[in-house]
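# Structural description and commentary
These are the residues of each chain, in order.
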Amino acid sequence: MSDKPEKFIDENGLRLDGRRVDEIRPMKMEIGVLSRADGSCYLEWGKNKVLAAVYGPRELHPRRLQKADSALIRYRYNMAAFSVEDRIRPGPSRRSIEISKVSREAFEPVVLTHLYPGAVIDVFAEVLQADAGTRTAAINAACMALADAGIPMKGLVSACAVGKVDGQLVLDLNKPEDNYGDADIPMAMTSDGEITLVQMDGDVTPEEFKQAIEMCKEGCRQIMEIQKETLRNKFTKLDDVEISDD
Ligand code: ADP
């Protein structure tokens, strides 16, 4: 028997988790959480929990994989075996390989890779608890881990999904909306609104697609504010540290 809800949006315009159609789930993040990584971020977004770690830029071995004029970015998205209700089989899957590829491509236009020829920048995104929207959560965390590692970037990347339920577009799908909705469109974009990732599952009209982009832009703008605030907090704290003469 399907657990599909009869209605996703009530007569007051509120969703099953009480959000408005254009509201994102609560998000919080912290950077610098792993001492061995060059940069790291722990992010919670609704019930999603993601840890991102960045290593590099460092020399790429074997050397035949090196790019003469830029650094190589490697991105590994992984869901922990215990991150969902049923245990996930450890190791790469078709889904995780695809998500890793599109997520790497979401950062390639932004990271100034030409500054590090022959190097590699490794990004690991580990989903500890999954509840819809993990690829976008991982991108938001990975961006912060890259910034925490001091990797030069043109700007931040933020990601969010738009979907369609009960004939209406909704921002940042929750689990029932993701499972039973009519569409799921995850996107990532830069602060200039340049889209660096867009995927689509389901059906929307061309007009709805344009609206989805606008909705997503607004979601990403809100996420970018949280990302900037997190960076500001870290660097303000560093400013407060008194430097002694000895
Ligand atoms: P995203 O997490 O980016 O939305 P999907 O749309 O593929 O990616 O997955 C939606 C949700 O379905 C995930 O967030 C997770 O909660 C759940 N899910 C994905 N893969 C599995 C799996 N192999 N087993 C159980 N649940 C899964």
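Here, the structure is the one placed above.
Residues numbered from 1 in each chain as written. Predicted model: local features only at pLDDT ≥ 70, side-chain atom pairs only at ≥ 80, totals over all residues. Heavy atoms only, no water.

Right, let's talk about the pattern of salt bridges for a bit. This model, assessed by the stated rule, comprises 19 salt bridges. Between E105 and K101 there is a salt bridge; the shortest N-O distance is 2.7 Å. A residue pair is termed a helical-turn pair when its members lie 3 or 4 positions apart in one helix, as E105 and K101 do in helix α1 (residues 94-107) at 4 residues. Given the relative accessible area of 30%, E105 is considered partly exposed. The residue E108 makes a salt bridge to R104 at a minimum N-O spacing of 2.9 Å. Residues participating in the shared-partner salt-bridge network are D17, R19, R25 and D172. (Salt bridge = Lys/Arg side-chain N within 4 Å of Asp/Glu carboxyl O. Helix = DSSP H or I, 4+ residues; strand = E, 2+ residues; numbered from the N terminus. Buried < 20%, exposed > 50% of the residue type's maximum accessible area, 1.4 Å probe, protein only.)

Below, the discussion takes up the site of the ligand. By nearness alone, 13 residues border the ligand, and R95, A132, G133, T134 and R135 come closest of all. Here G133 contributes a backbone N or O atom positioned 2.8 Å from an oxygen atom of the ligand. Take T134: an N or O atom from its side chain is 2.5 Å from an oxygen atom of the ligand. Within the complex, the protein chains bury 72% of what would otherwise be the 530 Å² of accessible surface of the ligand. With respect to the detected pockets, the ligand is housed in the largest pocket. Within the residue set of the shell around the ligand, elements represented by two or more residues are α2 (134-148) and α3 (175-180). Considering only residue class, the shell around the ligand consists of 5 nonpolar, 2 polar and 6 charged. (Near = heavy atom within 4 Å. Polar contact = N/O pair within 3.5 Å; in protein donor to acceptor, adjacent residues only side chain to side chain. Areas by Shrake-Rupley, 256 points an atom, 1.4 Å probe, with all protein chains shown as cover. 1 Å grid on protein atoms, 1.4 Å probe; cavity = no way out; pocket = protein on both sides within 12 Å on 5 of 7 lines; lining within 4 Å. Sits in = over half its atoms within 2 Å of the grid points. Nonpolar A, V, L, I, M, F, W, Y, C, P; charged D, E, K, R; others polar.)

An ideal rise of 1.5 Å per residue puts 51 Å on 35 residues; helix α4 (residues 206-240) measures up with 51 Å between its terminal C-alpha atoms. Those residues of α4 that fall on the buried side of the exposure criterion are E208, A212, I213, M215, C216, G219, C220, I223, M224, Q227, T230 and L231. (Expected span 1.5 Å × (residues − 1).)

With that settled, the discussion passes to the environment of E225. With respect to the element layout, E225 can be found in helix α4. In this structure the C-alpha to C-alpha distance between E225 and I24, which are 201 residues apart in sequence, comes to 13 Å.

What the largest pocket holds in volume is close to 480 Å³. Taken together, 26 residues form the lining of the largest pocket, with R95, G133, R135, D178 and D184 sitting closest to its centre. Broken down by secondary-structure element, the contributors of at least two residues to the lining of the largest pocket are α2, α3, β8 (183-190) and β10 (201-202). Surrounding the second largest pocket, M27, K28, M29, E30, I31, Y42, E44, I226, T230, N233, K234 and K237 form its lining. Secondary structure elements with two or more residues in the lining of the second largest pocket: β1 (27-31), β2 (39-45) and α4. (Points joined across faces, edges and corners; volume = space filled by probe spheres on them.)

Counting residues in hydrophobic clusters, the biggest one holds 62 residues, and the most contacted among them are Y75, F107, I139 and L146. Examining the composition of this core, we find that 10 residues originate from one element, α2, more than from any other. F8, V165, V170 and L173 belong to the second largest nonpolar core, which has 5 residues in total. (Core = buried A, V, L, I, M, F, W, Y, C linked by side-chain atoms within 4.5 Å.)

For the rest of this paragraph, the subject is the side chain of Q227. If you trace the backbone, Q227 turns up in helix α4. Not counting residues up to four positions away in its chain, the partners in contact with Q227 are M29, N140, C143, M144, L156, V157 and S158. (Contact = heavy atoms within 4.5 Å.)

A separate point is unusual backbone geometry. Here the bond from G56 into P57 is cis, since omega is 0°, no more than 30 degrees from zero. Following the sequence through the fold, P57 ends up in strand β3 (residues 48-59). Going from H61 to P62, the amide bond is cis rather than trans, its omega being 0°. The residue P62 is located in the loop between β3 and β4 (72-79) in this model. Phi at D166 is positive, roughly 50°, even though this residue is not glycine. Even without glycine at this site, D172 takes up a positive phi of about 55°. Summarising the element assignment, D172 is placed in the loop between β7 (168-171) and α3. The buried category is assigned to D172, whose relative accessible area is 2%.

Coordinates in, geometry out; function isn't part of it.
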